[in-house]
Amino acid sequence: MSVRIDPGLIAEHNDAQQAHLEQDYAALGSRLARSGIDIEALTQRACSFEVAVPSWGVGTGGTRFARFPGPGEPRDIFDKLDDCAVINDLTRCTAAVSPHFPWDAVDDFGALLEKSRALGLSWDSINSNTFQDQPGQAHSYKFGSLSHTSAATRAQAIEHNLQCIAWGRQLGSDALTVWVGDGANHPGQTHFQRAFERYLDSMRTLYAALPDGWELHIEHKMFEPAFYATVIQDWGSSLLAAMQLGERAKSLVDLGHHAPNCNIEMIVSRLIQFGKLGGFHFNDSKYGDDDLDSGSIQPYQLFLVFNELVDAEHRAQPGFGPRYLLDQSHNVTDPIESLMNSAVEVQRALVRALLVDREALDAHQQDNDALLASNTLKAAFNTDVSPILAMARLRQGGAIDPIAAYRASGYRRRVASERPAVTGSSSGIV
Ligand code: LRH
Ligand code: MN
């Protein structure tokens, strides 16, 4: 039974706010026009913006200590799709879902595809999982997977990824994201080069099995679950692997997978320069891989990342076309609200970056005028583009204020009455 948000409710909600929005939009429009910027072009761009949502993000997340499920927890990928459809119905910029296998594995992929199509959703990158042992699994991933010292364990991990590609083909996806938890907790526990060579060997088998038009995305991560070394520890290891594998292997940047204060926007620039930026897992963090809501802690960093992306577009960088995905864990908020908020914050970073006066910036950089160069970026960042984002939602049938419309819809209460309550606090990210 579909539990979509009633379009009538969205229209009623928008009617009450439209006049103010149009006032704010006109005011911003005339202000931007003074700088020769056409607000309509920005709104068009905001309308075509898309960021995929993670199937694993619509359930309440947790940490190694505990997970506190909320009301109406999704039971399976079918419930998760209903929740993802609500996010897209209200924000109109999240029409693709990225699944995670085997968490989202089903017996009937035809039925799953039909359900997603009925909800107006498509399938983004497929995420494999060789960082947990499944019931009845022959070989444990305790000491690694694609880089494990045992050929049988590596073969098992390769087989799982090939299965993920096969399932992805049934869903119409065209990319596989591989993040492995492989690494060490003790100096001396692993041989760095041999582990990397085993990983590369396994990935060559996956690369060779990529269907036409597919990409293979390598996700690096500095630590966790390994706390001394991980096989794909940083963008350097990821880039080296992608260059070794071939043109369709690229690096995926999860914002939370870097050391604190790492200059992620410069990493993005390097990957763009060498045609190796496959995509992003957007989130935010204060300390480690906190998986907090995008733009909630370091909005300027998110803006600076998009400044590099818009610059690449502006320069028509060959082979540029990164994927955008949210990858967050919602431990204390309603996941639907956090994902809507985060999608809008990523869209905001894009529109702000589109406001940067690139000619002026180029000139200040050429003249080594550091202050005016920085101020040129700040001028864009300090512009409140909310009217553009809201107008883009309104024009596409979304909600001017997604959170308010969602709360008015009573969706969470409805699904809580239909889905069995999940009690007790287990632990782990999902
Ligand atoms: C690893 C990661 C990876 C996913 C997982 C859910 O930290 O970012 O992208 O597979 O989270
Ligand atoms: Mn990730």
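As shown above, the structure is provided for reference.
What you see is a predicted model; the values in this text were computed from it and never measured. (Residues numbered from 1 in each chain as written. Chains lettered and ligands numbered in written order. Predicted model: local features only at pLDDT ≥ 70, side-chain atom pairs only at ≥ 80, totals over all residues. Heavy atoms only, no water.)

Colleague: Could you give me a rundown of the sheet that holds strand S2 (residues 96-98), with the residues and numbers involved?
Modeller: Strand order in this open sheet of three strands is S1-S2-S3, and the pairing throughout is parallel. Every interior strand has two partners, whereas the edge strands, strand S1 (53-54) and strand S3 (122-123), have only one. The pairing of S2 with S3 spans two bridges and is classified as parallel. Bridge pairing in S3 places Val97 opposite Trp123. (Pairing = 2+ DSSP bridges. Helix = DSSP H or I, 4+ residues; strand = E, 2+ residues; numbered from the N terminus.)

Colleague: Summarise the side chain of Arg323; cite the residues concerned and give the values.
Modeller: The topology assignment puts Arg323 in strand S11 (residues 323-326). Within the structure, the side chain of Arg323 is placed 3.1 Å from the side chain of Asp174, a separation counted as a polar contact. (Polar contact = N/O pair within 3.5 Å; in protein donor to acceptor, adjacent residues only side chain to side chain.)

Colleague: Talk me through the packing of helix H1 (residues 7-34) against helix H2 (residues 39-48); I want residue IDs and the actual numbers.
Modeller: Following both chains from N to C, one finds H1 and H2 inclined at 120 degrees, their axes separated by 9 Å at the closest point. Contacts between H1 and H2 involve Tyr25, Leu28, Gly29 and Leu32 from the former and Ile39, Glu40, Leu42 and Thr43 from the latter. Within the contact of H1 with H2, the residues separate by chemical class into five nonpolar, two polar and one charged. (Axes fitted to C-alpha atoms, helices over the stretch in contact; angles between N-to-C directions. Contact = heavy atoms within 4.5 Å. Nonpolar A, V, L, I, M, F, W, Y, C, P; charged D, E, K, R; others polar.)

Colleague: So what's going on with helix H11 (residues 358-366)? Which residues, and what values?
Modeller: Residues that lie three or four places apart on an α-helix share one face, since the helix turns once every 3.6 residues. Inspection of H11 places Arg358, Leu361 and His364 among the buried residues, and these make up the whole buried set. Within H11, the buried residues cover an arc of 125 degrees as seen down the axis, which keeps them to one side. Turned more than 90 degrees from where H11 packs its buried face, Glu359 and Gln366 sit exposed. Between a side-chain oxygen at the N-terminus of H11 and the backbone nitrogen of Glu359 the separation is 3.3 Å; the capping residue is Asp357. Once H11 finishes, Asn368 follows within two positions and takes phi at roughly 55 degrees, a positive value. (Buried < 20%, exposed > 50% of the residue type's maximum accessible area, 1.4 Å probe, protein only. Arc of directions from axis to C-beta.)

Colleague: Tell me what's going on with the site of ligand 1, and back it up with residues and numbers.
Modeller: Lining the immediate surroundings of ligand 1 are Trp56, His100, Phe131, Trp179, Glu219, Lys221, Asp254, His257, His281, Asp289 and Asp327. Taking Asp254, its side chain carries an N or O atom lying 3.0 Å from an oxygen atom of ligand 1. Take His257: an N or O atom from its side chain is 3.2 Å from an oxygen atom of ligand 1. Protein chains bury 96% of the 300 Å² of accessible surface belonging to ligand 1 in isolation. Its residues assigned to classes, the shell around ligand 1 comprises three nonpolar, three polar and five charged. (Near = heavy atom within 4 Å. Areas by Shrake-Rupley, 256 points an atom, 1.4 Å probe, with all protein chains shown as cover.)

Colleague: Outline the coordination of the manganese ion (ligand 2), listing residues and values.
Modeller: Each angle at a metal carrying four tetrahedral donors should ideally be 109.5 degrees, and each at a metal carrying six octahedral donors should ideally be 90 or 180 degrees. Within the protein, the atoms that donate to the manganese ion (ligand 2) are Glu219 (OE), Asp254 (OD), His281 (ND1) and Asp327 (OD), at distances of 2.1 to 2.2 Å. The sequence pattern formed by the donor residues of the manganese ion (ligand 2) is E-x34-D-x26-H-x45-D. Of this pair, Asp254 sits in strand S9 (residues 249-254) while His281 sits in strand S10 (residues 277-282), placing them 27 residues apart in sequence. Among the residues examined, Asp254 registers a relative accessible area of 0% and is labelled buried. (Donors = N, O, S within 2.8 Å, 3.2 Å for Na, K, Ca; no water.)

Colleague: Which residues make up helix H12 (residues 370-381), and what are the values?
Modeller: Under the 1.5 Å per step criterion, the end-to-end length of H12 is 17 Å for twelve residues, consistent within 8% with the ideal 16 Å. Burial in H12 covers these residues: Ala373, Thr376, Leu377, Ala380 and Phe381. In a view along the axis of H12, the buried residues occupy a sector of 140 degrees, so they form one face of it. On its buried side, H12 packs onto helix H9 (299-314), helix H10 (335-354) and H11. (Expected span 1.5 Å × (residues − 1).)

Colleague: Give a description of the packing of aromatic side chains that names residues and reports values.
Modeller: Under the criterion given, the structure shown has 18 aromatic pairs. An angle of 55 degrees between the planes, with centres 4.8 Å apart, marks the rings of Phe131 and Trp179 as tilted. With Phe131 in the loop between strand S4 (126-127) and helix H5 (151-171) and Trp179 in the loop between strand S5 (175-178) and strand S6 (183-184), the pair connects residues that are 48 residues apart, well separated along the chain. The exposure class assigned to Phe131 is partly exposed, which follows from its relative accessible area of 26%. Judged by centre distance (5.5 Å) and plane angle (25 degrees), the ring pair of Tyr300 and Phe303 falls under stacked. Taken together, the residues Tyr300 and Phe303, both in helix H9 and three residues apart, mark about one turn of the helix. Three or more aromatic residues joined by ring pairs make a cluster, and in this case those are Phe49, Phe280, Phe282, Phe306 and Tyr324. Looking at Arg248, its charged tip hangs above the ring of Tyr207, at a distance of 5.9 Å from the centre. Sitting above the plane of the Phe381 ring, Arg352 keeps its charged end 4.2 Å from the centroid. (Phe/Tyr/Trp six-rings, centres within 6.5 Å; stacked < 30°, edge-to-face > 60°. Lys NZ or Arg CZ within 6 Å of the ring centre and 35° of its normal.)

Colleague: Please give an account of the sheet that holds S11 that cites residues and values.
Modeller: With parallel pairing, six strands are arranged side by side in an open sheet as S4-S5-S7-S9-S10-S11. Since the sheet does not close on itself, it has two edges, and those belong to S4 and S11, each with one partner. In the packing of helix H6 (residues 192-208) onto the sheet, the strands contacted are S5, strand S7 (215-219) and S9, and the crossing angle to S7 comes to about 155 degrees.

Colleague: Provide a residue-level description of the nonpolar core, including the pertinent values.
Modeller: As a rule of thumb, soluble globular proteins bury nonpolar side chains together. Tyr199, Phe280, Phe282, Phe306 and Ile388 are the most contacted members of the largest nonpolar core, which totals 111 residues. Examining the composition of this core, we find that ten residues originate from one element, H10, more than from any other. What Phe306 contacts, discounting residues up to four positions off in sequence, is Phe282, Tyr324, Val346, Ala349, Leu350 and Ala353. (Core = buried A, V, L, I, M, F, W, Y, C linked by side-chain atoms within 4.5 Å.)

Colleague: Pulling in residues and values, what's your account of the packing of H10 against helix H13 (residues 386-395)?
Modeller: Two elements in contact, H10 and H13, have axes separated by 10 Å at closest approach and are oriented at 120 degrees. In terms of axis orientation, H10 runs oblique to H13. Seen along the crossing, H10 lies across H13 with a hand that is right-handed. Across the interface between the two elements, Val344, Gln347, Arg348 and Val351 of H10 pack against Ser386, Ile388, Leu389 and Arg393 of H13. Taken together, the residues of the contact of H10 with H13 break down into four nonpolar, two polar and two charged. (Parallel < 35°, antiparallel > 145°, perpendicular 65-115°, else oblique. Left-handed = near helix turned anticlockwise from the far one by under 90°.)

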